[in-house]
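# Summary of the model geometry
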Amino acid sequence: KYYSDVIFLIDVTADEAYKAFEPNPEVDAVWPGTGVIYHRRLIAQLTKSRMSKIIGKPIYKRMTIRSWNTTTKLLSLMK
């Protein structure tokens, strides 16, 4: 039902980075974590997501985005 991402932050706080997102309330959910921003999109309406708008912003250079699946796989490799 949802496609989820974890946005890892580099030398920027989650609160500062969170302000740069412009979520579509019908499709996107965005919330800050510790050193990350979590993003969830409704799969049925992916084309209405505003996630791609972050790419054009200067703060994007201070982020790396990974899918939830990739993030959990990396975590299991670290254990």
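Scoring rules and cut-offs
Residues numbered from 1 in each chain as written. Predicted model: local features only at pLDDT ≥ 70, side-chain atom pairs only at ≥ 80, totals over all residues. Heavy atoms only, no water. Helix = DSSP H or I, 4+ residues; strand = E, 2+ residues; numbered from the N terminus. Patch = residues over 30% accessible without salt bridge, like charges linked within 9 Å, V, L, I, M, F, W, Y side chains within 5 Å. Areas by Shrake-Rupley, 256 points an atom, 1.4 Å probe, with all protein chains shown as cover. Salt bridge = Lys/Arg side-chain N within 4 Å of Asp/Glu carboxyl O. Buried < 20%, exposed > 50% of the residue type's maximum accessible area, 1.4 Å probe, protein only.

Take Leu74: it is sitting in helix α2 (residues 68–78). In sequence terms Leu74 and Val6 are 68 residues apart; their C-alpha atoms lie 12 Å from each other.

On the surface, Tyr3, Ile43 and Leu46 cluster together into a nonpolar patch covering about 260 Å² of accessible area. Tracing the backbone through its elements, the reader meets Tyr3 in strand β1 (residues 2–9). Residue classification places Tyr3 among the partly exposed positions, given a relative accessible area of 37%.

This brings us to the pattern of salt bridges. Scanning the model with the defined rule gives 2 salt bridges in all. With a closest N to O distance of 2.6 Å, Arg41 and Asp5 form a salt bridge. Of this pair, Arg41 sits in strand β3 (residues 36–42) while Asp5 sits in strand β1, and the two are 36 residues apart along the sequence. For the pair shown, Arg41 and Asp5 are each scored as buried. Of the charged contacts in the structure, one is a salt bridge between Glu22 and Lys57, with a shortest N-O distance of 2.7 Å. Residue Glu22 is located in the loop between α1 (14–18) and β2 (28–32), and its partner Lys57 is located in the loop between β3 and β4 (63–67); the two are separated by 35 residues in the primary sequence. Note on Lys57: relative accessible area 24%, which makes it partly exposed.

Distances and angles like these do not, on their own, reveal function.
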